[in-house]
Amino acid sequence: MHGWTGHILHINLTRHDYHVASLEPDLYHRFIGGKGLGGYFLRRAGNLDWNHPDMPICLFTGPLTATIAPTSGRLHLVSRSPLTGCVGDASVGGKLSTQLKRAGWDGVVITGKSPYPVGIEIREKEIRFIRCDHLRGKDTREVYRTVAPKKAGLACIGPAAENGVKFASITADNHHSAGRTGLGLSFAAKNLKYLLAEGSGKVRIKDLPGLKEAREEVIRLTAASPALMGQYGFTCLGTGAVYDLMDNRRMMPTDNFRATRFEPASKLNAAAFAAAYSPKKYGCKGCHILCKKIGTRNKPGAAMPEFETMSHFTALINSKDMDLVVEANDLCNRLGMDTISAAATLACRREITGADYTGRQVLSLLSDMAMDRGEGRNLKLGAAEYARRLGRPETAMAVKNLELPAYDPRGAYGMALAYALSTRGGCHLRAYPISHEIFRKPVATDRFSFSGKARIIKIAEDLNAVVDSLVACKFTFFAAGLEEYAKAFTAVTGIPSSAQDLLAAGERIYFNERIINHTYGYGADADDLPVRFFTEPGSGGNRISIPPLDRAAFLDTRKTYYHIRGLDTDGTPLPEKRKELGLD
Amino acid sequence: MDALIRKYEKKLIQAGLAEAEGPGRPIVGGLDYTLSWNRKGWETKELEPVFSAMAINSLVFFQPAPPYDKIIAYLAKEALTKNLPIQPEDCETRTFLHDLPVIPGFSTPDIITALKRRKCVIISDTGQNLPDAPKGPAIVAHGTVSPEQGFVVGSSVAFACFVKFFSDYLNHLQCGTAPPDMHGVYDELAPWLTGMAMPIPDLVKGPIQSEERVYEAMIQAGAKTVEYGLVDSYFGNISFCRDNILYISQTGSSLDELAGCIDPVPLDGSSSAGLTASSELTAHLETIARTGADAILHGHPRFSVILSMDCDPKKKQVCRFSTRCHTHCPKKREVLGVPIVPGEVGTGPTGLCNTLPLAFERNKDAAIVYGHGLFTLGRGDFTQAFATLLTVENRCRAHYVDCVTKLRQ
Ligand SMILES: [Zn+2]
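Since the structure is predicted, the reported quantities are computational estimates derived from the model, not experimental observations.

Undergrad: Just checking my understanding: could you explain the coordination of the zinc ion for this structure?
TA: Ideal geometry at a metal centre gives angles of 109.5 degrees when four donors are arranged tetrahedrally and 90 or 180 degrees when six donors are arranged octahedrally. Residues and elements named next belong to chain B. Protein-derived ligands of the zinc ion are His 298 (NE2), His 300 (NE2) and His 372 (NE2), with the metal-ligand distances lying across 2.0 to 2.2 Å. Donor residues for the zinc ion sit on one chain with the sequence pattern H-x1-H-x71-H. Within this pair, whereas His 298 is found in strand S10 (residues 295–299), its partner His 372 is found in the loop between strand S13 (366–369) and strand S14 (373–378), the two being separated by 74 residues in sequence. Here His 298 matches His 372 in class, with each residue buried.

Now the structure itself:
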């Protein structure tokens, strides 16, 4: 095989042993890698609780990983989410993916539960289980310092996961997070503190000149993308560059989504952060965009907040404190929890209590969540469960228990649909309609219209499923397309594939998740948005009006989506579609 | 969806790419819950399976109107003989389309196979396997988000083929290798080469006192640039600087529909609202800083583009950059006194933001980017920038015809 190593590492943590398995080549073609293969193994596990010892955690590279294909340095993690109860998956950058693949593994499937805290160390073909009671309770930075991975890639959890935070994250190489859906808690449930991988092998590539050509095409397209490589793009300002746009488009979630305009926004934008912290570029292994930023001043070495974190730790909780954003971001990363969910849960608490936060209070509540203290005991369960316990379920701005990120759906109707329908809950990345609704790529669509959006969202979900399986970075797709990546895939694997062939695999990968969620008991009821968006307007102005979403139009479009996706009106996967996609 | 279908049908016609009436009227299809077409025709039945075979939401089909019909027919036939796609050298094709696949006749399976890989396919002669269908070439292009994609691609294909035909012809004449039938096609196209006797339009006059006037001036100049045929589809961009703010058209905005698509970018970098600005934002900012001009207009006038790629074949043969002219041409080149610089779209290491601003330093108010387009400057308003754009293109066209006439003698 070219592209794939053909080896999947199955680890049992109960017994501290492992075996190596290979898949039929056909399964590689059908599920590609990353999210696709992770989903394949998740479905095989059947309907188990997220913390059942037999519930696997799947970590997969893709066929493009550790090749010169641009932005292919990400790892995809899949398990059942502790937070949502649905398919839980997250993509993480850094160098872990590259190292794992170079060690000769397409992926790792972890089951069982270790009797004591353990680290898995994968060095080439050698697998070791390291007892690490001494790391229990240590934050992710201390773990990194203690394990000292050097050239190796390292993923670990912090105290938040060990103390049962439902949105605990996994931190890779100190600065990268698998943030969403609480997969850090899945690690903790298996007593797995860290996973390290180091390898020196090379991926076998079928057609190197072809791959070089594809690489050039992608690089040329990203250079032509203002959002990526422009002087206000991600390469210069990080994802925080989006902050001004959201303000300008009047869709910045403010006061727990009770407003869509945050007055002081123009003073808290990426340019302001850049002026205060003089960040330098940083990114995943082999990436040319380098969207991550590390401060060199004020708090040297601190990762600059991503856009979502910036927005939620300012507008959503009504804070004007830039330093607080950086500190909260740093604290969440060290404690190992998702910044979006953490901030959104605090915003929910603020709406319920009606009291504003001081900076100190925000930081101490974050610590309380992670340490399972005081109010933190409820807050660590995420906004939905927190609000339910306090008798105010309507204040949880979440879909399928996953707290919404920083794009108000009343300002982009494709996003409304994408949130509601995403298999992992309130997530912007599954269909990423921001690309056309805001960034005008591949062309602009009317953000205040549901017209045509059902099919657009369906196709985009399939596309992003491919991206997460290859594996590549979503940002690249603001500029390049599957046309170029199909060329890279063909060159690497030697399997002639068109963009549409890959999209067909994407449809299978996504539908498989729909089937899994159905097995877990989720249907149309879960494919919905908080009531607020249908009843309350956002903050219009500047010749833009932000009315509430039209409920009937939303439901109508959702119905169209079900039809296009091959689901019945309850959102249940249709047998004929299962058959067509070979998912029986 | 129906509104979009109608909009892009109209745009294809307005752009002179397809006929407004009769069998040449374009076909635009859009699929959401159901599939709808702007009109029914023999093509719609044949094109319907494309929607079931691919994950797309729109399709554009048109038989190009003159002069594109003859140009594309010629290039398609040539490509089929060589068993290769059409490979234009202009910047847009290079960046966005890569190459243009060609199939001999109207065959739904062939269309599907081609469209699975590329954004478009050229049918050499629709009459070939469907005797009842009109003769001549056709373009099919698809979209996953909006019929706008099909329109843009179709229009880029027509532009790229136009540029390629006339570039190739000039090159063949210089090398003495012109195929006999190419002369014939050129002669048939002669009526399109006589130049436009269009006067320079009345544009908003400077000094421009308010933000509202800036928008008005830009919207107007953009619309005129399209009306005068100085861009293909909507590519091109425009900016104006006032009070330390650069107002610039958004990326992928249509120059004839700029209302609501202009980003104000503060020169002090205090806002990243320029995130959606044209990919040439940096080039505009640099140019303004270096020249003191306050208006920039950028279009893709065809003959300026064609002549920018004209290089003495003997010299080119021995040039070690001959496969990378668009990024590495080492020579200080000019056409009719207008400097030509290499550079790709955007801000990469070989991006035109590194070369274009320097070109203006030679005390010029116009510069051409190799195989791409013309940038012109104005002071106070767009009058001069527009006049230069139009004049340079008219002179380039006349110069091209002269060259051809001389070479043919
Ligand atoms: Zn241009």
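Undergrad: It is not clear to me how the interface of chain A and chain B should be interpreted in this structure. Could you clarify?
TA: For an interface, size is often stated in terms of accessible area lost upon the parts coming together. With 48 residues of chain A at the interface, the matching set in chain B holds 51 residues. Here chain A meets chain B over a buried area of about 4,100 Å², counting both sides, of which 54% is carbon and sulfur. At the boundary of chain A with chain B, the tally comes to 4 salt bridges. Seen at the junction of chain A and chain B, the total is 18 residue pairs in polar contact (both at pLDDT 80 or more). When contributions to the side of chain A that touches chain B are tallied by element, the ones reaching two or more residues are helix H7 (208–223), helix H8 (226–229), helix H9 (234–237), helix H10 (242–248), helix H20 (453–470), helix H21 (482–493), helix H22 (499–519) and helix H24 (551–565) of chain A. Broken down by class, the residue content of the side of chain A that touches chain B amounts to 24 nonpolar, 13 polar and 11 charged.

Undergrad: Whenever I open this one, the layout of surface pockets confuses me. Can you help?
TA: Any empty space left between the atoms is revealed when a probe the size of a water molecule rolls over them. Taken as a whole, the largest pocket encloses approximately 1,400 Å³ of empty space. Residue lining of the largest pocket: 47 residues in total, with Arg 440 of chain A together with Gln 250, Ala 259, Gly 260 and Cys 261 of chain B positioned closest to the centre. Of all the elements in the fold, those that place two or more residues in the lining of the largest pocket are helix H19 (434–437) and H20 of chain A together with helix H1 (2–14), helix H8 (211–227) and strand S9 (262–266) of chain B. Looking at the lining of the largest pocket element by element, the count peaks at 5 residues for H8 of chain B. Along the lines of polarity and charge, the residues of the lining of the largest pocket split into 18 nonpolar, 14 polar and 15 charged. Looking at which domains feed residues into the lining of the largest pocket, each of domain 1 (2–168) and domain 2 (211–408) of chain B gives three or more.

Undergrad: Help me understand the pairing of strand S2 (residues 17–21) of chain A in this model?
TA: The two faces of a sheet get side chains in turn, since along a regular strand they alternate between them. Residues and elements named next belong to chain A. Two strands pair when backbone bridges link them, and strand S1 (residues 8–12) and S2 are joined in this way by 5 bridges, in the antiparallel orientation. Bridging across to S2, His 10 finds its partner in His 19. Joining the antiparallel neighbours S1 and S2 is a turn of 4 residues, in which His 16 adopts a positive phi near 55°.

Undergrad: Would you mind going over the domain arrangement of chain B with me for this structure?
TA: Residues and elements named next belong to chain B. Under the domain assignment, chain B is made up of domain 1 (2–168) and domain 2 (211–408). Computed from C-alpha coordinates alone, the two centres of domain 1 and domain 2 are separated by 28 Å. Contact residues are listed per partner, giving 19 residues for domain 1 and 19 residues for domain 2. Of the roughly 1,800 Å² buried at the junction of domain 1 and domain 2 (both faces included), carbon and sulfur atoms supply 61%. Ranking the residues of domain 1 by area buried against domain 2 places Cys 91, Phe 159 and Phe 166 at the top, with a combined share of 28%. At the junction of domain 1 with domain 2, the criterion picks out 3 salt bridges. Between Glu 257 and Lys 11 there is a salt bridge; the shortest N-O distance is 2.6 Å. Taken together, the connections running from domain 1 to domain 2 amount to 6 residue pairs in polar contact (both at pLDDT 80 or more). Elements supplying a minimum of two residues to the side of domain 1 that touches domain 2: H1, helix H4 (91–97) and helix H6 (147–175).

Rules and cut-offs
- Residues numbered from 1 in each chain as written.
- Chains lettered and ligands numbered in written order.
- Predicted model: local features only at pLDDT ≥ 70, side-chain atom pairs only at ≥ 80, totals over all residues.
- Heavy atoms only, no water.
- Donors = N, O, S within 2.8 Å, 3.2 Å for Na, K, Ca; no water.
- Helix = DSSP H or I, 4+ residues; strand = E, 2+ residues; numbered from the N terminus.
- Buried < 20%, exposed > 50% of the residue type's maximum accessible area, 1.4 Å probe, protein only.
- Contact = heavy atoms within 4.5 Å.
- Buried area = accessible area lost by both parts, 1.4 Å probe.
- Salt bridge = Lys/Arg side-chain N within 4 Å of Asp/Glu carboxyl O.
- Polar contact = N/O pair within 3.5 Å; in protein donor to acceptor, adjacent residues only side chain to side chain.
- Nonpolar A, V, L, I, M, F, W, Y, C, P; charged D, E, K, R; others polar.
- 1 Å grid on protein atoms, 1.4 Å probe; cavity = no way out; pocket = protein on both sides within 12 Å on 5 of 7 lines; lining within 4 Å.
- Points joined across faces, edges and corners; volume = space filled by probe spheres on them.
- Domains from an automatic or database assignment.
- Pairing = 2+ DSSP bridges.

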